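Below, each chain spelled out in residue letters.
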Amino acid sequence: MSKKIVIVGGVAGGASTAARLRRLDEEASIIMFEKGEYISFANCGLPYYIGGVISEREQLLLQTVEEMSHKFKIDIRILSEVIAIDREQKQLTIKNLKTDEIYCEKYDKLVLSPGAKPTVPPIKGLSECKQLFTLRNIPDTDRIKAYIDKEKPQKAVVIGGGFIGLEMVENLKHQHLEVTLIEATHQVMAPLDIEMASIIHEHLIDQGINLILNQSVEAFRQEGHQVVLSSGEVISTDMIIMAIGVTPETTIAKAAGLEVTEKGSIIVDEHMRTSDKSIYALGDAVSIKDFVSGEKMMIPLAWPANRQGRVVADHICGRASNYRGTLGSAVAKVFDYTVATTGNNEKMLKHLGRSYEVVHIHPNAHASYYPGAFPIAFKMLFDPRTGEILGAQGVGMEGVEKRIDLLAVAIKGGLKVADLQDIEPCYAPPYNSAKDPVNMLGYYAANLMEGLVENSQWYEVDDLVSQGAFILDVREPFELVTGVIPKSINIPLSNLRQRITELPKEKEIYVTCQVGQRGYVACRLLMALGYKCKNIDGGMKTYLAVQKANEASSRKKITKIEAEKGSEIVVTANQKQLGPNVTLNACGLQCPGPIRKVYEQVKQWKKEKS
């Protein structure tokens, strides 16, 4: 006798489960209930349709009901809400949202893929807002797009600096709106650590976004045309996007007595079975094992939902299959930058009390002598005792995600940091360097594990300065214009041997350069000569990332104050033209070559003027 399998919810999890089930069992009776009108759509593409990057709405619709029903012989019932589960009778109660008819349906196996809904906190004045939107599905997208097309708003406020919030910021900007982004914490993109997020902070401000951090929304006024912040500041707006996170849709699961976490996510085992072994759950509604830490958490991403759908179908059909956990690998486009992460970040490792070490590097995306070689900021975390890779983050203009993908594979495959030295990626100058950034991360981490160098981190620098530590800057003098650590001593690496007697042997020396590479070379020299020293990881580029973002935010505030005072012309640092437009060819130049090129050009200007 054939099995009757009922799936609640479509999109990534439910649709992938249904398709896999049919491929494995031609005789099974498969019914899918979907509360909405669409069973399979590109929810990750919704912001880009709103912004006009995706031009045709139909491109978002991956499979229609008719196509999937015919292709896979599935009974698909849209606009049908499952309102109750009777576990004892193995029976569902369903409401037809078109006719209000209520009826029951039996099942042998039940699969719950209800997803998660946007979190909307009870903010004062919320119910009176007439132009506040959330983004989850096609109808939400249609409402936002129609409002922009019809009402022609000039200003928008996005609340929440996660992936959806940032994608909406960019796409509203594409629609020529003046955009304010409000984030209650001290940074956008929680999977990033602050020094990496700071690169994005500065970039958002450079793109004209009014970035407000460390402030929450206290109230809405004038039917949502005013947003009141916790500081008392009031932001005027024509529309609001609420994107502070999601809440699992688990009302019927809880009512049926299935085990859930404190936050409402359904608890499942490695086969995606709930506490009732006839009921499976997957996707954004479940609590899943973090692959690195082993902790249970909610990770609402597309890849896990699709993979879990396959695991569920396999297990129902008697195949050996289990879900090993989620790394949380993710990538986002933020204007000109690509941001990618995998595994645990430093915040998480500190919270868990996990032993870890960090390396920061700033390589070019491909061979420096080939045009368009933009730098990438990478951060990798690893266990200094075992070499286990714990997580990685990258921010840059190109080549970011393919390196994070390699590191995600390395983590899932159980590779150690030493193994990264032997990864052999494709190489040609337009695509890579002979030493891939992933190789470089392996080399740097191996140096630490082998005791060839000790590192100090960027967030320790200010304390070192206040404690009177000896900080040695081995950059060339012309590089110092990019920023210096207070009270640091500048001795270029090229002169270090000749001036070695200027350094104190009785004190530990903290060495910095632009990106950390020359600092490592200097440390090896100093250690060979009997000095105690540490390299400041990532150099000035990592240390200054946070400072520059804060300065950019301060410039934004000063500009706003000047504008409010009625200044005729407000010129910010990124708008002011300091000299003639000149194209400099820095191809093939290693650090500090590009800075030297600029320095020499400025010297030439001064010479010509004199």
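Residues numbered from 1 in each chain as written. Predicted model: local features only at pLDDT ≥ 70, side-chain atom pairs only at ≥ 80, totals over all residues. Heavy atoms only, no water.

1. Side note on the overall build of the protein chain
Check the secondary structure of the protein chain and you find 15 helices and 33 strands. The C-alpha atoms of the protein chain give 28 Å as radius of gyration, which agrees with the globular expectation for 610 residues (25 Å, within 12%). Overall, the C-alpha framework of the protein chain stretches about 85 × 60 × 45 Å when taken along its three principal axes. When each of the 610 residues of the protein chain is scored for burial, the buried share is 49%. When contacts within the protein chain are restricted to residue pairs at least 6 apart in sequence, those whose partners lie at least 24 apart make up 63%. Total accessible area on the protein chain is roughly 28700 Å²; 50% of this is exposed by carbon and sulfur atoms. Positive and negative side-chain charges in the protein chain, numbering 72 and 74 respectively, have mean positions lying 2 Å apart. (Helix = DSSP H or I, 4+ residues; strand = E, 2+ residues; numbered from the N terminus. Rg over C-alpha atoms; globule rule 2.2 N^0.38 Å. Buried < 20%, exposed > 50% of the residue type's maximum accessible area, 1.4 Å probe, protein only. Contact = heavy atoms within 4.5 Å. Areas by Shrake-Rupley, 256 points an atom, 1.4 Å probe, with all protein chains shown as cover. Lys, Arg positive; Asp, Glu negative; His and termini not counted. Charge placed at Lys NZ, Arg CZ, Asp CG, Glu CD.)

2. A short note on unusual backbone geometry
Phi is positive for K152, close to 50 degrees, though the residue is something other than glycine. With respect to the element layout, K152 can be found in the loop between α4 (138-151) and β12 (155-159). Accessibility expressed as a relative area gives 55% for K152, which makes it exposed. Within the chain, M189 stands out as a residue other than glycine whose phi angle is a positive 50 degrees. Counting through the fold element by element, M189 comes out in the loop between β13 (178-183) and α6 (194-206).

3. Considering the environment of R307
Residue placement: R307 occurs in helix α8 (residues 302-316). Judged by relative accessible area, R307 falls into the partly exposed class, the value being 29%. Separated by 25 residues in sequence, R307 and L282 place their C-alpha atoms 9.4 Å apart. What R307 contacts, discounting residues up to four positions off in sequence, is S321, N322 and Y323.

4. Some details on the sheet that holds strand β8 (residues 102-106)
Taken together, the three strands give an open sheet; going across it, the order is β6-β7-β8, and neighbouring strands pair in antiparallel fashion. Both outer strands of the open sheet, β6 (80-86) and β8, are each paired with one neighbouring strand and no more. Averaged over all neighbouring strand pairs, the angle between strand axes comes to 30 degrees, with direction disregarded. Where strand β7 (residues 91-96) meets β8, five bridges bridge the pair, whose relative direction is antiparallel. Paired with Q91 across the bridge in β8 is K106. (Pairing = 2+ DSSP bridges. Axes fitted to C-alpha atoms, helices over the stretch in contact; angles between N-to-C directions.)

5. A few points about the side chain of N171
Structurally, N171 can be placed in helix α5 (residues 163-174). Engagement of the side chain of N171 in a polar contact is seen with the backbone oxygen of E167, the distance being 2.7 Å. Those residues in contact with N171, other than ones at most four positions away along the chain, are P47, Y48, G51 and V53. (Polar contact = N/O pair within 3.5 Å; in protein donor to acceptor, adjacent residues only side chain to side chain.)

6. With respect to the packing of aromatic side chains
Scanning all chains against the criterion turns up three aromatic pairs. Look at W303 and Y323: their rings are 6.4 Å apart centre to centre, the planes differ by 40 degrees, and that puts the pair in the tilted class. Note that W303 is positioned in helix α8 and Y323 in the loop between α8 and β24 (330-334), a separation of 20 residues in sequence. Relative accessible area serves as the criterion here: at 6%, Y323 is assigned to the buried category. A centroid spacing of 5.5 Å and a plane angle of 80 degrees characterise the contact between W458 and Y459, whose relative ring orientation is edge-to-face. (Phe/Tyr/Trp six-rings, centres within 6.5 Å; stacked < 30°, edge-to-face > 60°.)

7. Notes on α8
Residues lying three or four places apart along an α-helix face the same way, a consequence of the helix completing one turn every 3.6 residues. Taking 1.5 Å per residue as the helical rise, α8 with its 15 residues ought to reach 21 Å, and the 22 Å between its terminal C-alpha atoms agrees with that figure. Along α8, the residues that are buried comprise P304, A305, Q308, G309, V311, V312, A313, D314 and I316. Lining the buried residues of α8 we find β1 (4-8), α1 (11-24), β9 (109-112), β21 (279-281) and β22 (286-289). With its phi angle positive at about 85 degrees, G318 sits one or two positions after the end of α8. (Expected span 1.5 Å × (residues − 1).)

8. What to know about the pattern of salt bridges
The final tally for this structure, using the stated rule, is 28 salt bridges. Between R77 and D75 there is a salt bridge whose closest N-O contact spans 2.8 Å. The shortest N-O distance in the salt bridge between D269 and R273 comes to 3.0 Å. D269 gets classed as buried once you look at its relative accessible area, which sits at 18%. Each member of the salt-bridge network shares a partner with another, and the members are D193, E195, E346, K347 and K379. (Salt bridge = Lys/Arg side-chain N within 4 Å of Asp/Glu carboxyl O.)

9. Some details on the packing of helix α10 (residues 400-412) against helix α11 (residues 437-449)
Interhelical geometry of α10 versus α11 gives an angle of 55 degrees and a closest axis separation of 9 Å. Relative to α11, α10 is oriented oblique. Where α10 approaches α11, its residues R403, L406 and L407 are matched on the opposing element by P437, V438 and L441. Partitioned by chemical class, the residues of the contact of α10 with α11 number five nonpolar, no polar and one charged. (Parallel < 35°, antiparallel > 145°, perpendicular 65-115°, else oblique. Nonpolar A, V, L, I, M, F, W, Y, C, P; charged D, E, K, R; others polar.)

10. Quick word on a nonpolar patch on the surface
Residues Y369, Y370 and Y427 make up a contiguous nonpolar surface patch of roughly 330 Å² in combined accessible area. Within the element layout of this structure, Y370 appears in the loop between β26 (357-361) and β27 (376-382). Looking at Y370, the relative accessible area reads 37%, which means it is partly exposed. (Patch = residues over 30% accessible without salt bridge, like charges linked within 9 Å, V, L, I, M, F, W, Y side chains within 5 Å.)

11. With respect to the sheet that holds strand β28 (residues 389-396)
Sheet architecture is open: five strands sit in the order β24-β25-β28-β27-β26, paired in antiparallel fashion. Edge positions in the sheet fall to β24 and β26, since each of these pairs with one other strand and no more. Taken pair by pair, the neighbouring strands of this sheet meet at an average axis angle of 10 degrees, ignoring direction. Relative to strand β25 (residues 337-343), β24 runs antiparallel, the two being bridged by five bridges. Each residue of the ladder has a partner; that of V334, found in β25, is Y337. The strands that α10 touches are β24, β25, β27 and β28; relative to β28, the one it contacts most, it runs at about 175 degrees.

12. Observations concerning the pairing of β27
Side chains on a regular strand alternate between the two faces of the sheet. Judged by how many residues are buried, β27 sits mostly within the fold: seven of seven residues are covered. Burial of β27 is two-sided: the residues I376, F378, M380 and F382 facing one way and the residues A377, K379 and L381 facing the other way are all buried. With five bridges joining them, β26 and β27 adopt antiparallel strand pairing. Following the sheet pairing, V358 is matched in β27 by L381.

13. What to know about the pairing of strand β14 (residues 210-213)
In this sheet, β14 lies alongside β13 in parallel orientation, the contact comprising four bridges. What sits directly across from L181, in β14, is L211. What joins β13 to β14 is α6, and the crossover it makes is right-handed. (Right-handed = clockwise from strand over helix to strand, strands pointing away.)

14. Comments concerning the confidence of the model for the protein chain
Taken residue by residue, the protein chain gives an average pLDDT of 92. The fraction at 70 or more is 91%. Here residues 567-578 is modelled with pLDDT under 50, and outside its nearest four sequence neighbours on either side it reaches nine contacts, counting other chains as well. (pLDDT = per-residue confidence, 0-100.)

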